[in-house]
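Structure at a glance
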Amino acid sequence: MGKGNSKLSKEDLDQLTKESKFTGEELKDLYHGFIKQNPSGKMDFEHWLHSPANPVAGDEALSQRWFKIYDRDGSGYVDFRELATLLSCLVRGTTEERLEIVFSFYDVNGDGNITKEELKEVISSIFYGAKAAGNRHLDGVSTVDDYVEQFFQIVDENKDGNVSRDEFVSVAKEADKFTLINFLL
């Protein structure tokens, strides 16, 4: 799909319409923009770093995390299918589907758990900027370590030192506990 072609084949369009939450017309528009920016049909990390599809464009460390999530086959490139299916979940997915993707962002090693070290690694680059900007979800939290400790007190329900996918999704769906986790979303 998209190996420099300016058109999306009917077969690919039909398949993507089934796999994604986008209409055929939306997929055609998205494909046109993707191919315009990536004539080879593949987006490498350098293009991703400044792509409109990158939620943290310009931030190299965080962009690498998102790139890894989009590059589902580990090829080192994001193709149109990968972009369209994940983007459709982020835009139109259920709360649980979106939370699963966010969980993957923080699960650095992909083992199905978030450790304190992983959380520190990912949020360190954004924490102080968000704090300085007055992010209300960080009221009462002064350092990354404070945030991580508070996060684990709330989200690590079984107190095993790891946050599982189920714990993350379950707690994120609870309104009274959502304020602290909302900073991550």
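Scroll up a little and you will see the structure.
None of the values given here were measured: they were computed from a predicted structure. (Residues numbered from 1 in each chain as written. Predicted model: local features only at pLDDT ≥ 70, side-chain atom pairs only at ≥ 80, totals over all residues. Heavy atoms only, no water.)

Another aspect to go through is the overall build of the protein. Each helix and strand in the protein was counted, giving ten helices and four strands. In the protein, the succession of helices and strands from N to C terminus is α-α-β-α-α-β-α-α-β-α-α-β-α-α. Put simply, 52% of the contacts in the protein that link residues at least 6 apart link residues at least 24 apart. (Helix = DSSP H or I, 4+ residues; strand = E, 2+ residues; numbered from the N terminus. Contact = heavy atoms within 4.5 Å.)

Before going further, it helps to examine the pattern of salt bridges. According to the stated counting rule, one finds ten salt bridges in the structure shown. One salt bridge connects Lys 116 with Glu 149, and the closest N-O pair in it is separated by 3.1 Å. In this pair, Lys 116 is assigned in helix H7 (residues 116–132) and Glu 149 in helix H8 (residues 144–155), connecting sequence segments 33 residues apart. Under the relative-accessibility criterion, Glu 149 is labelled partly exposed at 35%. Across the pair Asp 145 and Lys 120 runs a salt bridge, and its minimum N-O distance is 3.2 Å. Of this pair, Asp 145 sits in helix H8 while Lys 120 sits in helix H7, and the two are 25 residues apart along the sequence. By relative accessible area, Lys 120 is classed as partly exposed at 28%. A single network of salt bridges, built from pairs that share partners, joins Asp 12, Glu 19 and Arg 81. (Salt bridge = Lys/Arg side-chain N within 4 Å of Asp/Glu carboxyl O. Buried < 20%, exposed > 50% of the residue type's maximum accessible area, 1.4 Å probe, protein only.)

This part is about unusual backbone geometry. Residue Lys 159 is not a glycine yet carries a positive backbone phi of 55°. For Lys 159, the location among the structural elements is in the loop between H8 and strand S4 (163–164). With a relative accessible area of 54%, Lys 159 lands in the exposed category.

Below, the discussion takes up the environment of Glu 97. Examined against the element boundaries, Glu 97 turns out to sit in helix H6 (residues 95–106). With 72 residues separating them along the chain, Glu 97 and Val 169 place their C-alpha atoms 9.3 Å apart. Glu 97 has contacts with Lys 21 and Cys 89, leaving out every residue within four places of it along the chain. Polar contacts involving the side chain of Glu 97 include one to the main-chain amide nitrogen of Thr 94, which spans 2.8 Å. (Polar contact = N/O pair within 3.5 Å; in protein donor to acceptor, adjacent residues only side chain to side chain.)

Turning our eyes to something else, we now look at the side chain of Thr 115. Relative to the helices and strands, Thr 115 is located in the loop between strand S3 (113–114) and H7. For Thr 115, a relative accessible area of 17% translates into the label buried. Beyond its immediate stretch of four places on either side in the chain, Thr 115 contacts Phe 152, Gly 161 and Asn 162.

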